[in-house]
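Here is how the chains run, residue by residue.
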Amino acid sequence: MIKKVLSLLLLLALFFISKADAIYLNTDTIKHSTDVSTEVVAHDKNAIFSSSAYFTFSVKNPTSNDESGTVSYLVTTEKGDKVLDKSMNVRIARNSNDSYDFHIPELKPGFYKINFMINVSDYDDTTRRAFGIRPEEIVSEHPKPADFDEFWQKAKDDLAKVKPEFKITPMPKMDTKDRQVFEIQMQSLDDYTIRGWLTIPKVKNKNIKFSVLLGLPGYQVDLDPILGSDPDLAIITLNTRGQGTSRGPIDMRRDEFISRRIEDKDKYVMRGVIMDCVRCIDFIYAQPNLVHDNILASGGSMGGYLALALAGIDKRVNLCSAQNPILCDIRDLPGSVEWPMSGIKKYVATQPGLTMEKVLDNLDYYDGKNFASEITCPSLIGIGLLDPFAPPNSEYATYNVIPGHKRIMVFKDLAHEISQKYKDLEGRWMRDTFALF
């Protein structure tokens, strides 16, 4: 049973990350066996240190030539500002291996990028890594708006005025021998029609109720129905407005979606997207065959952000799992990430009178960090230290404000992705919490 749900959760993770948020494979050390090669080892399994950082830089020279030159490192902030560097002269004999220990002097709490470089007679290369210093002490410099709660209560009040008109359509041609597939449809904020998928086990006992795994979409991802063979779990995959089967009136080029109506916080597209997630919780509560207090909201990238937002403003969510959530500590993102800030800046430049400061004022109401401070259910967060879209400083600034029970998994050599270890833990955590034995 556990193996089945773990495989299912890994499949969900692949759906949640969009093509623009592509998984980055680290190829820094992939070399031909006859070439000089390097390896970097952090002397902490997560590359997180309490004082000075400690790395070993190993060089393998299988060639028939001696190699002379330098090995060095360069430490920068996430924004690329130089912090410190060091270089040493080396001579690497033919058919030999050498290792060089680097102790990075103690730095203030935060995350740093570090490049290890080798420049020798016949070989030049750079290996990129990152490390953290006491990240549990990271505190955002940007406060939550004083009327944040009122703003989102107004959004929920506006949603409540829209009749949900839930529709469930059987899709028998998509069924498997173990599960039934349904298309679901509902009306959300601004009377926008949103759609998704529900799959439930085929059972003889019609009185059985199922716990719920709610999958939320990555940026511009079209979520399909998720099939599995677990007899105790219903799976919902939601396509929020502008995504997949819910594109409807909002059908635009992917780069434009994140900026839609960003000049007005009351009309910004993400207000509706987040309310679509709340409406899906309404849907779950309207179904007599679903367990209303066993709901896990899970997603990666934008789906991770939506999991944080939903858990923050809707206490009906019982577990929150956010993998590489974007849009966290937003005011700290310029200079740290290319996307989505570059697209937002381009949009601002096309709107007469609109300034980036005005946009940031609006985005304060949509900051994942500010939603996280409202989360009271147990939460699981996964991050990659090499993430180009969700930098670890911003992720930890968000994680640190979650008041409820929480856990974070750090993957020092991964970018916009998480590993199987995360999905294994998430599956066990869900089944233990929901008493699915």
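Per-chain numbering applies: the sequence of each chain, read as written, is numbered from 1 onward. Only residues with pLDDT of at least 70 are given local features in this predicted model, and only at 80 or more are side-chain atom pairs given and counted; all residues enter the totals for whole chains, interfaces and linings. To get the side-chain values, all heavy atoms of the structure are used, and hydrogens and water are removed first.

**Some words on a positive patch on the surface**
Patch definition: residues above 30% relative accessible area lacking any salt bridge, with like charges linked at up to 9 Å and the nonpolar side chains Val, Leu, Ile, Met, Phe, Trp and Tyr linked at up to 5 Å. Residue-level accessible areas treat just the shown protein chains as cover; the underlying method is Shrake-Rupley with a 1.4 Å probe. What makes a salt bridge here is a side-chain nitrogen of Lys or Arg within 4 Å of a carboxyl oxygen of Asp or Glu, nothing more. The convention is simple: Lys and Arg are positive, Asp and Glu are negative, and His and the chain ends are not counted. Where a charge lies is defined by one atom per residue type, namely NZ (Lys), CZ (Arg), CG (Asp) and CD (Glu). A surface patch of positive charge is lined by K45, R407, K421 and R428. Structurally, the position occupied by K421 is in helix α10 (residues 420-433). Assessed through its relative accessible area of 62%, K421 is described here as exposed. Put simply, DSSP marks the helices as runs of H or I at least four residues long and the strands as runs of E at least two long, and each gets a number from the N terminus on. Residue exposure (1.4 Å probe, protein chains only): buried if accessible area is under 20% of the type maximum, exposed if over 50%, otherwise partly exposed.

**Considering the packing of aromatic side chains**
Stacked, tilted and edge-to-face are the three classes applied to pairs of Phe, Tyr and Trp rings, where Trp contributes its six-membered ring and a pair requires centres within 6.5 Å; stacked means planes under 30 degrees apart, edge-to-face means over 60, and tilted covers the rest. All chains considered together, the criterion is met by 22 aromatic pairs. Seen from their ring centres, F148 and F371 are 5.3 Å apart, and the 65° between their planes marks the pair as edge-to-face. Note that F148 is positioned in helix α2 (residues 148-160) and F371 in helix α8 (residues 368-372), a separation of 223 residues in sequence. Neither residue differs from the other here; F148 and F371 are each classed as buried. Ring geometry for F166 against F283: centres 5.5 Å apart, planes inclined by 75°, an arrangement best described as edge-to-face. Taken together, the residues span a long stretch of sequence, with F166 in the loop between α2 and β9 (167-170) and F283 in helix α4 (residues 269-285) at a distance of 117 residues.

**Some words on the side chain of T56**
In this fold, T56 is placed in strand β3 (residues 53-61). We call two N or O atoms a polar contact when they sit within 3.5 Å, provided that within protein one can donate a hydrogen and the other can accept it, with sequence-adjacent residues counted only if both atoms are side-chain atoms. At 2.6 Å, the side chain of T56 and the side chain of H43 are in polar contact. Pairs of residues are marked as contacts when any of their non-hydrogen atoms sit within 4.5 Å. Apart from the residues lying within four places of it in its own chain, the contact partners of T56 are E39, V40, V41, H43, S99, Y100 and D101.

**Quick notes on helix α6 (residues 341-349)**
Every buried residue of α6 is listed here: M341, I344 and V348. Burial along α6 is one-sided: seen end-on, the buried residues are contained in an arc of 60°. Looking at α6, the residues exposed on the side facing more than 90 degrees away from the buried face are K346 and A349. The arc refers to the directions leading from the helix axis to the C-beta atoms.

**Here's the deal with the packing of α6 against helix α7 (residues 356-363)**
Direction vectors running N to C along α6 and α7 enclose 125°, while the axes themselves pass 10 Å from each other. Here α7 runs oblique to α6, going by the angle between their axes. In the packing of α6 onto α7, the handedness of the crossing is right-handed. Residue-level contacts link M341, I344, K345 and V348 of α6 to M356, V359, L360 and L363 of α7. Axis definition: a line fitted to C-alpha atoms, limited for helices to the stretch in contact. Angles are taken between N-to-C directions and run from 0 to 180 degrees. Any angle between 65 and 115 degrees counts as roughly perpendicular, while under 35 counts as roughly parallel, over 145 as roughly antiparallel, and the rest as oblique. The sense of a crossing depends on the near helix, which, turned anticlockwise from the far helix by less than a right angle, makes the crossing left-handed and, turned clockwise, makes it right-handed.

**Section: the confidence of the model for the protein**
Of all residues in the protein, 92% attain a pLDDT of 70 or more, and the chain-wide mean is 92. One number per residue, pLDDT, summarises how confident the predictor is, and it ranges from 0 to 100. In the predicted structure, residues 1-7 sits below a pLDDT of 50 and forms 18 contacts with residues beyond four places in sequence or in another chain. A low-confidence stretch, residues 13-32 stays under pLDDT 50, and its non-local contacts, those more than four residues away or across chains, total 54 contacts.

**Some words on unusual backbone geometry**
Most peptide bonds take the trans configuration, and most residues that are not glycine carry a negative phi. In this model, W339 is joined to P340 through a cis peptide bond whose omega is 5°. Relative to the elements of secondary structure, P340 occurs in the loop between β15 (319-323) and α6. Even without being glycine, D191 reaches a positive phi, approximately 55°. Tracing the backbone through its elements, the reader meets D191 in the loop between β10 (179-188) and β11 (192-201). Residue D329 is not a glycine yet carries a positive backbone phi of 50°. In this fold, D329 is placed in the loop between β15 and α6. Judged by relative accessible area, D329 falls into the buried class, the value being 4%.

**Quick word on the environment of F55**
Tracing the chain through its elements places F55 in strand β3. Residue classification places F55 among the buried residues on the basis of a relative accessible area of 2%. Each C-alpha atom of the pair F55 and H43 lies 5.8 Å from the other, and the pair is twelve residues apart in sequence. Aside from chain neighbours lying at most four places away, what touches F55 is V40, V41, A42, H43, F49, Y100, D101, F102, I104, I114, F116 and F131.

**Remarks on the pattern of salt bridges**
Under the criterion given, the structure shown has 22 salt bridges. Residue R129 pairs with D413 through a salt bridge whose shortest N-O separation is 3.3 Å. In this pair, R129 sits in strand β8 (residues 123-133) while D413 sits in the loop between β17 (406-411) and α10, placing the two residues 284 residues apart along the sequence. Here D413 falls in the partly exposed class, since its relative accessible area comes to 33%. Here K161 ties to D158 by a salt bridge, and the two come within 3.8 Å at their closest N and O atoms. A residue is classified by how much of its surface remains accessible, and K161, at 65% relative accessible area, is exposed. Judged by relative accessible area, which is 17%, D158 ranks as buried.

**Some details on the domain arrangement of the protein**
The extent of an interface is frequently quoted as the accessible surface area lost upon association of the parts. A domain assignment, automatic or from a database, supplies the domain bounds used here. Structurally, the protein comprises domain 1 (25-137) and domain 2 (148-433). Computed from C-alpha coordinates alone, the two centres of domain 1 and domain 2 are separated by 37 Å. Taken residue by residue, the interface counts 18 residues in domain 1 and 15 residues in domain 2. Put simply, buried area is the surface a 1.4 Å probe can reach on two separate parts but cannot reach once they are joined, added for both. When the buried area of domain 1 at its contact with domain 2 is split by residue, E78, K79 and F111 rank highest and sum to 43% of it. Here domain 1 is connected to domain 2 by one salt bridge. Every element with two or more residues in the side of domain 1 that touches domain 2 is listed here: β7 (110-120) and β8. In terms of residue count, β8 provides more of the side of domain 1 that touches domain 2 than any other element does, four residues in total.

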